[in-house]
Amino acid sequence: VAETIEVSDPRPMVSELQVLGSICENCGQTSAWRRPRCERCLGGTAPTRFGPGGIVWSSATVHLRVGHRPPPFTLAYVDLDGGPRVLARLQPDVELACGIRVQIVGTDEGDVVVSPFQDDEASL
Amino acid sequence: VNQSRVGISGVGTSDFGRFPDDRVEALAWTAVTEAMDDAGLEPGDIDAAFVGSVFGAPGIANRVLAGVGLAGVPTYRIEAACASGTVALHEAYTAVASGRYQRVLAVGIEQLSTQFAGPIVPEATDPEGRAGLALPALYALQANRYLDTWAVEPEMLAHVAVKNKANGALNPRAHLSGRPPTLEEVLDSRPIAGPLTLLQCCPMSDGAAAAVVAPLRGRRDVEILSSAFVSGGLWNSSNADPWGLGSVRAAAQRAFAEAGLTPGDVHVLEVHDAFTIGEILTLEAIGLCAPGDGATLAATGQTSLAGPQPVNPSGGLLSRGHPLGATGLAQTAELVWQLRGVAGERQVDGAHIGLLETMGGGAAGVDGNACVVALLRGPTAVPESSAAHREEPA
């Protein structure tokens, strides 16, 4: 990202480890944004939240500096449970097999961050 | 739309490489002049121009045309990511086929060396660009999905680079035309993203290319049998296919249907191989093989220069380079030379039907901003015996 240019942040917003999205009241299409109308059918939408759980569609470790992210860093497309596909930072920086369960653990300078799913009850 | 037969009567390109000290317009002047000479046309013969460029400055199209006697010609500038030049060709074809214009110039131009110190910086206004999705990462995500889905080993990707760089070594205009690397050298080159190593990524290039599109007339004209243009639909958690695959498939199916041909009828292909996985997914989407078999095509020699269906004889984007807006018309020029039989050392024997494919993307959640697939047919007369495409037209 160019240092000198400020633009409104288009990334999904995360609150309490969930993406603030919307769902179409007509066709059920989900979005990772609070959009007034459905991106598929233009139907009306309701605000909803997705996550923290999801599965990795694919992941890849990047060995280039991109914006504020020093290499290596790992990106993943994550299909949030019952919700949209979001691009997230995967931590730690290790590629995961497709289909592995992950969960949103926070954000890093606006990037959605996911990590492998930890079953807290099982570890008790 | 296709009321009359439409052909490409001339093509031209600049050299491809890093030319930060040249004016970007000068690259295009070289390409346009060669295409006009190749078509045997004067500036007054051109009715309109479609100019593809991604990062070209505002006004670039008019500055280019004004330098080669074409000021005053109706001019359209097109941005369609990596497919900008191919969309320019498609629009030129559509304009001629519909009778809107008679003789149309399609131009592609890009100078990346003066825009970026390293790789292309992802677009900050795009949700995924802002999240760090550099283009090699976008393709790496598709590559890992592909390798996982079909249980393919990463070295199968590298075979595409070995093949295309061997072809590029025979292309004097290519950005990377030196000794082609071995499979081990491709795999051992610097990791860039996921399974993609440096030699599996196209170089950042400058260059320009042009084509003259007109009603089919001359004995050297290459006919555009069909051209299909698709902008991607939504790509989200309902899509199991890798990104962009559906768009290429849709464009290819339409292009084959309009031309009355099948994938098996094609003798030579120039397709979008910005990254090795791109060629594999594209060939599957086109229907050259079954899903999951694309990774075997380069490794088995099926798509090598001497194979039954050579892909990217020019060296592809991996060797010729990828000046984004210019790429589609550079692919077009290669196919015209191949179908005329004047491609020199990298000539594909018996090439009569060619396929052009370019897919470009970068808008989050969209299955590719644009994809064009076109089918071309060589002159029906005996191919010219010349071995060099740089010589003056007969």
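Above this text is the structure in question.
Residues numbered from 1 in each chain as written. Chains lettered and ligands numbered in written order. Predicted model: local features only at pLDDT ≥ 70, side-chain atom pairs only at ≥ 80, totals over all residues. Heavy atoms only, no water.

Digging into the overall build of chain B
Helix and strand counts for chain B stand at twelve helices and eleven strands. Its C-alpha radius of gyration of 19 Å places chain B within 12% of the 21 Å reference for a compact globule of 394 residues. Its C-alpha atoms put chain B at 55 × 45 × 40 Å along the principal axes. By residue count, 62% of the 394 residues in chain B fall in the buried class. A fraction of 78% describes how many contacts in chain B between residues 6 or more apart in sequence connect residues 24 or more apart. Of the roughly 13100 Å² that chain B leaves accessible, carbon and sulfur atoms contribute 52%. A gap of 4 Å separates the mean positions of the 24 positive and 41 negative side-chain charges of chain B. (Helix = DSSP H or I, 4+ residues; strand = E, 2+ residues; numbered from the N terminus. Rg over C-alpha atoms; globule rule 2.2 N^0.38 Å. Buried < 20%, exposed > 50% of the residue type's maximum accessible area, 1.4 Å probe, protein only. Contact = heavy atoms within 4.5 Å. Areas by Shrake-Rupley, 256 points an atom, 1.4 Å probe, with all protein chains shown as cover. Lys, Arg positive; Asp, Glu negative; His and termini not counted. Charge placed at Lys NZ, Arg CZ, Asp CG, Glu CD.)

A short note on unusual backbone geometry
Cis geometry is adopted by the peptide bond preceding A:Pro52, which originates at A:Gly51 and carries an omega value of 10°. Residue position: A:Pro52 is located in the loop between strand 4 (45-50) and strand 5 (53-62). Geometrically, the link from A:Pro71 to A:Pro72 is a cis peptide bond, its omega value of -5° lying close to zero. By the element assignment, A:Pro72 lies in the loop between strand 5 and strand 6 (73-80). A positive phi is found at B:Ala151, a non-glycine position, where the angle reads about 50°.

As for the pattern of salt bridges
Once the charged atoms of two side chains with opposite charge are near each other, the side chains can pair. Residue and element names in this part refer to chain A. For the structure shown, the criterion picks out 21 salt bridges over all chains. When the shortest N-O distance is used, the salt bridge between Arg49 and Glu16 registers 3.5 Å. You can see Arg49 sitting in strand 4 and its partner Glu16 sitting in the loop between strand 1 (14-15) and strand 2 (18-24), a full 33 residues away along the chain. (Salt bridge = Lys/Arg side-chain N within 4 Å of Asp/Glu carboxyl O.)

Things to note about the packing of aromatic side chains
Considering all chains together, one arrives at eight aromatic pairs over all chains under this definition. Here A:Trp57 and A:Tyr77 contribute two aromatic rings whose centre-to-centre distance is 6.1 Å and whose plane-to-plane angle is 80°, an arrangement assigned as edge-to-face. Taken together, the positions of A:Trp57 in strand 5 and A:Tyr77 in strand 6 put the pair 20 residues apart, joining distant regions of the chain. The exposure class of A:Tyr77 is buried, given its relative accessible area of 1%. Taken together, the ring pairs in this structure connect A:Trp57, A:Tyr77 and B:Trp235 into an aromatic cluster. Against the face of B:Trp235 rests A:Arg85, its NZ or CZ located 4.6 Å from the ring centre. (Phe/Tyr/Trp six-rings, centres within 6.5 Å; stacked < 30°, edge-to-face > 60°. Lys NZ or Arg CZ within 6 Å of the ring centre and 35° of its normal.)

Some words on the interface of chain A and chain B
Interfaces are often described in size by the accessible area the parts lose on coming together. In this assembly, 33 residues from chain A lie in contact with 36 residues from chain B. Summed over the shared surface of chain A and chain B, the result is zero salt bridges. Here chain A is connected to chain B by twelve residue pairs in polar contact (both at pLDDT 80 or more). When residues of the side of chain A that touches chain B are assigned to their parent elements, the largest contribution, six residues, is made by strand 5 of chain A. (Polar contact = N/O pair within 3.5 Å; in protein donor to acceptor, adjacent residues only side chain to side chain.)

Regarding the nonpolar core
Nonpolar side chains in soluble globular proteins tend to be buried together. Residue and element names in this part refer to chain B. The biggest cluster of nonpolar side chains holds 69 residues, and the ones touching the most others in it are Leu269, Ile277, Leu355 and Leu375. It is helix 5 (residues 135-150) that provides the largest number of residues to this core, a total of eight residues. Each residue touching Leu355, except ones within four places of it in the same chain, is listed here: Phe256, Val266, Val268, Leu269, Glu270, Val271, Ile286, Leu335, Val373, Ala374 and Leu375. Core analysis: the second largest hydrophobic core is formed by 43 residues, Val87, Leu329, Leu335 and Leu356 among them. (Core = buried A, V, L, I, M, F, W, Y, C linked by side-chain atoms within 4.5 Å.)

Remarks on the packing of helix 6 (residues 155-168) of chain B against helix 9 (residues 276-286) of chain B
All names here are of chain B. As a packed pair, helix 6 and helix 9 sit with axes 8 Å apart at the nearest point and diverge in direction by 100°. With respect to helix 9, the axis of helix 6 lies roughly perpendicular. In this structure, helix 6 contributes Met156, Leu157, Val160, Ala161, Lys163 and Asn164 to the contact, and helix 9 contributes Thr276, Ile277, Glu279 and Ile280. The residue inventory of the contact of helix 6 with helix 9, partitioned by class, reads six nonpolar, two polar and two charged. (Axes fitted to C-alpha atoms, helices over the stretch in contact; angles between N-to-C directions. Parallel < 35°, antiparallel > 145°, perpendicular 65-115°, else oblique. Nonpolar A, V, L, I, M, F, W, Y, C, P; charged D, E, K, R; others polar.)

Observations concerning the side chain of B:Gln338
All names here are of chain B. By the element assignment, Gln338 lies in helix 12 (residues 324-340). In this structure Gln338 comes out as buried when scored by relative accessible area, which is 1%. Other than its neighbours up to four places away in sequence, Gln338 contacts Val268, Pro313, Ala343, Arg346, Gln347, Val348 and Ala351.

Regarding helix 6 of chain B
Residues and elements named next belong to chain B. For helix 6, which comprises 14 residues, the first-to-last C-alpha distance of 20 Å matches the rise-based estimate of 20 Å (1.5 Å per residue) to within 8%. All buried positions along helix 6 are accounted for by Leu157, Ala158, Val160, Ala161, Lys163, Asn164, Lys165, Asn167 and Gly168. Close packing links the buried residues of helix 6 with helix 5, helix 7 (183-188), strand 6 (196-197), helix 9, helix 10 (294-299) and helix 11 (316-320). (Expected span 1.5 Å × (residues − 1).)

Here's the deal with helix 9 of chain B
Residues and elements named next belong to chain B. For helix 9, the tally of buried residues reaches eleven of eleven residues, placing the bulk of the element in the interior. Considered for burial, the residues of helix 9 that qualify are Thr276, Ile277, Gly278, Glu279, Ile280, Leu281, Thr282, Leu283, Glu284, Ala285 and Ile286. Gly287 sits one or two positions beyond helix 9 and adopts a positive phi of about 100°.

A closer look at the state of the cysteines
All names here are of chain B. Under the definition given, this model contains zero disulfides over all chains. Among the cysteines around Cys202, which has no disulfide bond, Cys201 carries the closest sulfur, lying 7.2 Å off. A relative accessible area of 16% places Cys202 in the buried class. No disulfide involves Cys371; its sulfur sits 11 Å from that of Cys82, the nearest cysteine. (Disulfide = S-S within 2.5 Å.)

Re the pairing of strand 2 of chain A
Residues and elements named next belong to chain A. For strand 2, the buried fraction is high: six of the seven residues fall into the buried class. By the bridge criterion, two bridges tie strand 1 to strand 2 in an arrangement that is antiparallel. Looking across to strand 2, one finds that Val14 is bridged to Val19. Hairpin geometry of strand 1 and strand 2 is characterised by an intervening segment of two residues between the two adjacent antiparallel strands and by a positive phi of about 50° at Glu16. Bridge count for strand 2 against strand 4 is six bridges, and the pairing is antiparallel. Bridge pairing in strand 4 links Ser22 to Pro47. (Pairing = 2+ DSSP bridges.)

Notes on the environment of B:Val268
Residues and elements named next belong to chain B. Structurally, Val268 is set in strand 9 (residues 268-270). Val268 sits in the buried class, given a relative accessible area of 0%. Taking the C-alpha atoms as reference points, Val268 and Ala364, 96 residues apart in sequence, are found 32 Å from one another.

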